[in-house]
Amino acid sequence: MSKKTLIVIGNGMVGHHFLEQFAASPAATEYDVLVFGEEKQLAYDRVHLSEYFSGSTHADLAMGTADWYTDHHITLKLGEPVLTIDRDGKTVTTPAGQYPYDELVLATGSYPFVPPIEGNDNEHCFVYRTLDDLDAIRASASNAKTGVVVGGGLLGLEAANALKSLGLEAHVVEFAPRLMPVQLDADGGAVLRGKIEELGVRVHTEKATTAIVDGETARLRMNFSDGEFLETDLIVFSAGIRPQDTLARESELEVGERGGIVVNNQCTTSDPHIHAIGECALWNQRIFGLVAPGYTMARTLSAVLNGDGDAAFTGADMSTKLKLLGVDVGSIGDAHGQTAGARNIRYNDEQAGHYRRMVVSSDGKKLLGAILVGDNSYYDTLLQYALNGIDLPESAESLILPESQGGAPALGADALPDTASICSCHNVTKGDICGAIDAGCSDLGGIKAETKASTGCGGCAALLKNVVDSELEKRGVEVSKDICEHFPYSRQELFHLVKVNGIRTFRTLISQYGKGHGCDICKPTVGSILATCWNEHILATDHVPLQDTNDTFMANMQKNGTYSIVPRIPGGEITPDKLIVLGQVAKEYDLYTKITGGQRVDLFGATLSQLPEIWEKLIAAGFETGHAYGKSLRTVKSCVGSTWCRYGVQDSVGMAIFLENRYKGLRAPHKVKMAVSGCTRECAEAQSKDIGVIATENGWNLYVCGNGGMRPRHADLFVTDLSDEELIRTIDRVLMFYVRTADRLQRTSVWMENLEGGLDYLKEVVLEDSLGIGAELEEHMEGLVGTYQCEWKTAVEDPEKRKRFREFVNAPEKADPVQQWTTERDQRRPVLESA
Amino acid sequence: MKARTRWDVVCMVEDLVPESGIAVWTEDGPVAVFYLPHRLPALFAVSHTDPFSGANVLARGITGDLKGEPVVASPLYKQHFSLRTGICLEDESVRLKTYPVLLDGNRIRLEIPATQQQTQAA
Ligand SMILES: Cc1cc2nc3c(=O)[nH]c(=O)nc-3n(C[C@H](O)[C@H](O)[C@H](O)COP(=O)(O)OP(=O)(O)OC[C@H]3O[C@@H](n4cnc5c(N)ncnc54)[C@H](O)[C@@H]3O)c2cc1C
Ligand code: SF4
Ligand code: SF4
Ligand code: FES
């Protein structure tokens with residue numbers, strides 16, 4: 001049987017999501033799939049478009065890869081718009097040719113509405129929808145001082161923020177009497193306006209622009225209907241979006257009065273072989289300008305094409321929660337109280353800039369909608385009441401009162417019905433989560449992997465964790481964070497106990513807070529905590545038995561019981577003289593020599609008793625321990641940067657050396673790696689490190705929580721264009737917060753993913769100091785930096801400590817008989833097949 | 001014929017490291033001696049050779065207790081061995097040689113079984 005052809009027009013967010021769903025479904029084998037995209041880039045995350053201005057690239061925002069399309073036999077034609085549809089002949093035409101289809105999917109999204117104002121076609125007038133738009137805005141802004149956004153809605157405010165981040169004085173011009181007229185009421189709009197003006201964005205409401213003409217003090221002048229005017233260098237129109245339904249109109253499909261391709265519950269248009277999903281589709285007289293409903297349509301259509309007779313799109317919730325210019329704004333359900341008989345409960349604190357409104361049913365029992373400005377911590381609970389029709393408590397106002405005024409505790413996960421939607425991005429209900437748990441998932445990570453919950457926008461992370469914890473508890477699964485049988489505490493709790501009670505030895509800790517004698521899990525953990533808290537030498541008598549052998553002997557044990565030695569070579573920069581010393585020492589002790597991935601030299605095959613002698617020689621030549629054995633900072637890799645490289649914009653080597661010297665010796669829950677690149681070409685691979693620094697024209701971009709190894713993870717862009725001082729302060733805080741709160745053997749990536757609120761939360765703590773601990777973290781780090789000592793230097797100078805390095809205490813001259821050697825590629829290597 | 005055994009002095013008290021082990025060389029090969037001051041008895045001696053890797057490293061493992069049993073964890077592959085019986089907790093078919101150990105004044109003595117060669121020579 002020959003295959004049918006499925007054509008998708010539009011490679012945007014919804015079109016891509018549809019392909020992901022469809023490619024994984026049985027029907028995929030029955031079709032050849034062909035996709036046409038007008039934009040020249042592969043589908044990208046438009047929701048996070050603004051991050052393009054803060055350093056993200058198309059690759060960061062991309063939703064899939066070209067390889068994914070190839071692997072799934074999907075033909076992707078980018079930069080090739082469909083011009084016409086011939087419904088009778090069942091073909092589409094592009095500038096490149098004509099293609100037949102059996103089923104056609106329109107996922108053409110929408111286009112920004114530009115009000116018909118004289119002069120709106122000026123070269124410095126823009127819209128805010130695509131990467132190309134942003135490139136054009138950036139180019140125009142490079143020699144501009146002021147920028148105006150026309151439209152004070154959700155997108156307009158986001159665009160204003162973007163202009164601000166480009167260094168422009170930003171204005172918002174809104175036709176309505178308030179900001180965000182769709183989502184907010186007059187009071188909410190006023191509070192938001194106050195907050196936004198505080199941030200330096202000028203807001204002009206009730207202004208209708210009549211013409212755009214040449215300016216006198218700037219490039220352009222906007223004339224308003226009230227006779228006033230405003231001068232600006234560029235204008236961004238954000239006055240709403242219109243469904244992209246041109247193809248449908250021209251091929252005489254049914255479209256709505258005010259635009260939109262009419263679809264039924266199966267997302268099928270008036271032609272049974274043509275379907276429409278996403279922002280171009282009009283369902284029940286409604287257009288959905290958010291991505292989640294589009295995704296739901298995509299899933300529905302994929303099911304329909306698989307012959308699922310029950311699949312139906314039944315509308316979607318348009319509640320939104322967002323941060324606009326750093327201000328929390330939330331709008332839920334019937335925010336304007338349009339339901340008959342609806343009543344309102346309001347809370348307004350103008351001083352603090354907090355406004356909350358609940359719309360409740362006439363009998364006062366159900367929540368119909370809500371508006372929040374200034375504090376979104378109330379959002380999750382309110383949304384659950386509204387979506388699930390849960391009966392409101394007696395004094396419903398407690399849901400929006402601040403806690404100090406008797407506010408209600410958040411709605412427990414227990415109170416939610418099974419149908420409650422937990423993750424709207426991936427359409428996961430509480431029932432789905434319970435199902436995954438019953439099928440054997442027993443932790444958050446497993447449930448995320450199984451249901452995909454919380455892997456989209458991440459907004460549901462806290463709620464998901466609550467539901468999972470409460471469900472696990474209900475099933476009698478103990479959600480244990482105890483590190484081992486000796487301590488009923490997590491690493492973080494132990495850290496706290498040690499710090500607060502000034503505990504300095506393992507013995508004291510275990511006698512007061514644990515039981516038994518400890519083990520190879522809790523001892524090194526406590527050893528690392530004690531080192532971070534008090535920074536005493538790791539070979540101090542009390543600490544010796546706590547350490548892993550590598551820490552005890554400050555070298556890495558290899559399979560035959562010998563050790564490898566890795567001296568620190570900060571930033572990978574080394575003088576010829578030092579390099580010669582390494583060679584001489586290696587030769588003298590016949591050490592196998594290899595260059596590591598972290599830009600240093602590893603010397604293998606030293607016996608226990610040789611270690612102090614070797615280090616004496618290395619220290620005399622100016623080397624320090626490289627901590628390759630410890631759960632601590634390994635290396636700060638660097639490229640040569642601006643000193644040599646013709647592309648370099650900053651001195652990456654200098655910065656790498658500075659960072660390595662600053663953080664060397666810091667004990668952490670796991671090893672920590674860093675890198676510094678001298679420009680965006682990223683030769684030092686900083687984005688695969690726990691802390692990655694990439695030079696920009698204006699300073700440094702900081703990436704955090706990446707790693708290579710078994711489960712590689714790209715680092716996340718944390719903050720851009722930092723000065724040297726800001727960079728160091730930020731790294732101080734991130735590292736110290738990690739050291740204090742991570743679990744045993746948790747790398748920064750897993751730690752961050754497990755923080756409630758993930759990256760955003762980390763940003764709040766570090767950049768906005770939301771916990772008020774910033775100064776303390778910096779101070780703690782400063783203290784550690786100040787008390788750093790090279791452990792090997794201290795050890796070789798102390799005869800008592802040197803005694804530890806005797807291979808056999810009663811036979812100093814005895815060579816370990818199992819250490820047998822042979823020669824391979826001109827170097828010594830162990831033979832050890834016995835055992 | 002019962003093999004003759006000897007109580008060899010292997011080290012002094014000051015050579016021991018509290019809560020940890022040291023290695024000594026004996027006629028019977030390398031032996032790890034552990035000193036756990038918070039237990040009674042406080043001295044243990046087991047083979048220094050890790051049966052899983054063949055390397056002489058057990059004295060450099062971390063000591064502790066699991067469900068009350070005094071143990072050392074191999075520094076290479078992390079199996080736990082009972083210091084009393086030498087049995088590997090993860091694989092009971094594997095067992096370390098153990099040696100009676102005693103404190104004589106400030107000397108540490110091990111009871112070493114005579115080796116084949118010595119018996120013959122005697
Ligand atoms: C700055 C910004 C911020 C946003 N923030 C949020 C948010 O916080 N939350 C939220 O839910 N939503 C947000 N949105 C809206 C969200 O991006 C859209 O809902 C979503 O992108 C809709 O997906 P879509 O696939 O329907 O349309 P699109 O992503 O627009 O994709 C349509 C694609 O079809 C292409 N196309 C059109 N006509 C043709 C043709 N004839 N031939 C070939 N290709 C064609 C277009 O070029 C486009 O690439 C935001 C949007 C913007 C611009
Ligand atoms: S990252 Fe940039 S500065 Fe560094 S070596 Fe590569 S191209 Fe040169
Ligand atoms: S990749 Fe495996 S074999 Fe290579 S060094 Fe790491 S642990 Fe050893
Ligand atoms: S709601 Fe977006 S990831 Fe769950």
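Trainee: Explain the overall build of chain B to me, please; I cannot follow it from the model alone.
Mentor: Counting its secondary structure elements, chain B contains 1 helix and 10 strands. If you list the helices and strands of chain B from N to C, you get β-β-β-β-β-β-β-β-β-β-α. Across the 122 residues of chain B, 56% fall into the buried class. Of all intrachain contacts in chain B linking residues separated by at least 6 positions in sequence, the fraction that spans at least 24 positions is 44%. As displayed, chain B has an accessible area near 5,600 Å², and 53% of this comes from carbon and sulfur atoms.

Trainee: Honestly, the overall build of chain A in this entry has me stumped. Any pointers?
Mentor: A tally of regular secondary structure across chain A gives 25 helices and 38 strands. By the burial criterion, 52% of the 835 residues in chain A qualify as buried. Accessible surface, chain A: about 36,400 Å² in total, of which carbon and sulfur atoms supply 48%.

Trainee: So what exactly am I meant to see when it comes to helix α23 (residues 774–786) of chain A here?
Mentor: Every α-helix winds through 3.6 residues per turn, so residues three or four apart in the chain are directed the same way. All names here are of chain A. A rise of 1.5 Å per residue sets the reference length of α23, with its 13 residues, at 18 Å; its end C-alpha atoms lie 18 Å apart and thus fit the reference within 8%. Residues Gly774, Leu777, Glu778, His780, Met781 and Leu784 constitute the buried set of α23. The buried residues of α23 all sit within an arc of 160° when viewed along its axis, so they share a single face. Across from the buried face of α23, at angles greater than 90 degrees, the exposed residues are Glu779 and Gly786. On its buried face, α23 is in contact with α13 (491–501), α15 (522–534), α19 (652–663) and α20 (724–741).

Trainee: What's the story with the sheet that holds strand β31 (residues 601–606) of chain A in this structure? I'm lost.
Mentor: Hydrogen bonding along the main chain pairs the strands of a sheet, whether they run parallel or antiparallel. Residues and elements named next belong to chain A. Read across the sheet, 4 strands follow the order β28-β29-β31-β30 without closing on themselves; strand pairing throughout is antiparallel. Each edge of the open sheet is held by one strand with a lone partner, namely β28 (556–557) and β30 (592–595). Where β28 and strand β29 (residues 563–565) come together, 2 bridges link them in antiparallel fashion. Paired with Met557 across the two strands is Tyr563, which belongs to β29. The sheet contacts of helix α18 (residues 610–620) involve β29 and β31, and relative to β29 the element is tilted by about 5°.

Trainee: What am I meant to see in the site of ligand 1 here?
Mentor: Residue and element names in this part refer to chain A. The local shell around ligand 1 holds 28 residues, among which Val14, Glu39, Arg129, Glu279 and Val291 are the closest. Val14 has a polar backbone atom sitting 2.8 Å from an oxygen atom of ligand 1. Take Val82: an N or O atom from its main chain is 3.0 Å from a nitrogen atom of ligand 1. Look at ligand 1: alone it shows 990 Å² of surface, and the protein chains cover 90% of it. Listing elements by their share of the shell around ligand 1, those giving two or more residues are α1 (13–23), β2 (31–37) and α5 (154–165). Top contributing element to the shell around ligand 1 by residue count: α1, with 3 residues.

Trainee: Help me out: how do you make sense of the site of ligand 2 in this one?
Mentor: Around ligand 2, the structure places Cys639, Gly641, Cys645, Tyr647, Gly648, Ser677, Gly678, Cys679, Arg681, Glu682 and Cys683 of chain A. Across the shell around ligand 2, the residue classes tally to 5 nonpolar, 4 polar and 2 charged.

Trainee: It is not clear to me how the nonpolar core should be interpreted in this structure. Could you clarify?
Mentor: Across soluble globular proteins, nonpolar side chains show a tendency to be buried alongside one another. All names here are of chain A. By size, the foremost hydrophobic cluster in this structure holds 62 residues, and its most contacted members are Leu702, Ile731 and Leu762. If you tally residues by element for this core, the top one is α20, at 9 residues. With 47 residues, the next largest nonpolar core counts Val33, Ile85, Ile277 and Leu301 among its residues.

Trainee: Got a minute to help me understand the interface of chain A and chain B in this structure?
Mentor: A common way to express how large an interface is: the accessible area buried when the components associate. Counting from both sides, the interface comprises 38 residues of chain A and, opposite them, 38 residues of chain B. Of the roughly 2,900 Å² buried between chain A and chain B, counting both surfaces, carbon and sulfur atoms make up 55%. Looking at the side of chain A facing chain B, the largest losses of area belong to His517, Asp520 and Val809 of chain A, adding up to 18% of the total buried there. Taken together, the links from chain A to chain B amount to 3 salt bridges. Asp15 of chain B serves as the salt-bridge partner of Arg806 of chain A, at 3.0 Å between the closest nitrogen and oxygen.

Trainee: Please explain the pairing of strand β5 (residues 91–94) of chain A as it appears in this structure.
Mentor: In the case of a regular strand, side chains alternate between the two sheet surfaces. Residues and elements named next belong to chain A. Two strands pair when backbone bridges link them, and strand β4 (residues 84–86) and β5 are joined in this way by 3 bridges, in the antiparallel orientation. Bridging from a neighbouring strand, Thr84 pairs with Thr93 of β5. Joining the antiparallel neighbours β4 and β5 is a turn of 4 residues, in which Lys90 adopts a positive phi near 55°. Where β5 lies against strand β6 (residues 97–100), 4 bridges are found, and the strand directions are antiparallel. Residue pairing for β6: Thr91 is matched across the bridge by Pro100. What sits between the antiparallel neighbours β5 and β6 is a turn of 2 residues.

Trainee: What exactly am I supposed to notice about the layout of surface pockets here?
Mentor: Gaps between atoms show up when a probe of the same size as a water molecule is rolled over them. Residues and elements named next belong to chain A. Considered as a void within the structure, the second largest pocket measures approximately 900 Å³ in volume. Looking at the second largest pocket, it is lined by 44 residues, and the ones nearest its centre are Asp548, Asn550, Tyr629, Lys631 and Arg634. Put simply, the parts of the chain that give the lining of the second largest pocket at least two residues each are α15, α16 (549–552) and β32 (633–638). Here the lining of the second largest pocket is built from residues that sort into 13 nonpolar, 16 polar and 15 charged.

Trainee: Looking at this structure, how should I read the sheet that holds strand β35 (residues 699–704) of chain A?
Mentor: All names here are of chain A. Across the sheet, which stays open at both edges, the 5 strands sit in the order β32-β33-β34-β35-β36 with mixed pairing between neighbours. Of all the strands in the sheet, the pair left with one neighbour each is β32 and β36 (716–722). The mean inter-strand angle of the sheet, taken between neighbouring strand axes irrespective of direction, is 15°. The pairing of strand β33 (residues 672–677) with strand β34 (residues 691–696) spans 4 bridges and is classified as parallel. Following the sheet pairing, Ser677 is matched in β34 by Ile694. Of the strands in this sheet, β35 and β36 are in contact with helix α22 (residues 758–767), which crosses β36 at around 35°.

Procedures and definitions
- Residues numbered from 1 in each chain as written.
- Chains lettered and ligands numbered in written order.
- Predicted model: local features only at pLDDT ≥ 70, side-chain atom pairs only at ≥ 80, totals over all residues.
- Heavy atoms only, no water.
- Helix = DSSP H or I, 4+ residues; strand = E, 2+ residues; numbered from the N terminus.
- Buried < 20%, exposed > 50% of the residue type's maximum accessible area, 1.4 Å probe, protein only.
- Contact = heavy atoms within 4.5 Å.
- Areas by Shrake-Rupley, 256 points an atom, 1.4 Å probe, with all protein chains shown as cover.
- Expected span 1.5 Å × (residues − 1).
- Arc of directions from axis to C-beta.
- Pairing = 2+ DSSP bridges.
- Axes fitted to C-alpha atoms, helices over the stretch in contact; angles between N-to-C directions.
- Near = heavy atom within 4 Å.
- Polar contact = N/O pair within 3.5 Å; in protein donor to acceptor, adjacent residues only side chain to side chain.
- Nonpolar A, V, L, I, M, F, W, Y, C, P; charged D, E, K, R; others polar.
- Core = buried A, V, L, I, M, F, W, Y, C linked by side-chain atoms within 4.5 Å.
- Buried area = accessible area lost by both parts, 1.4 Å probe.
- Salt bridge = Lys/Arg side-chain N within 4 Å of Asp/Glu carboxyl O.
- 1 Å grid on protein atoms, 1.4 Å probe; cavity = no way out; pocket = protein on both sides within 12 Å on 5 of 7 lines; lining within 4 Å.
- Points joined across faces, edges and corners; volume = space filled by probe spheres on them.

The values reported here are purely geometric and, on their own, carry no functional implication.
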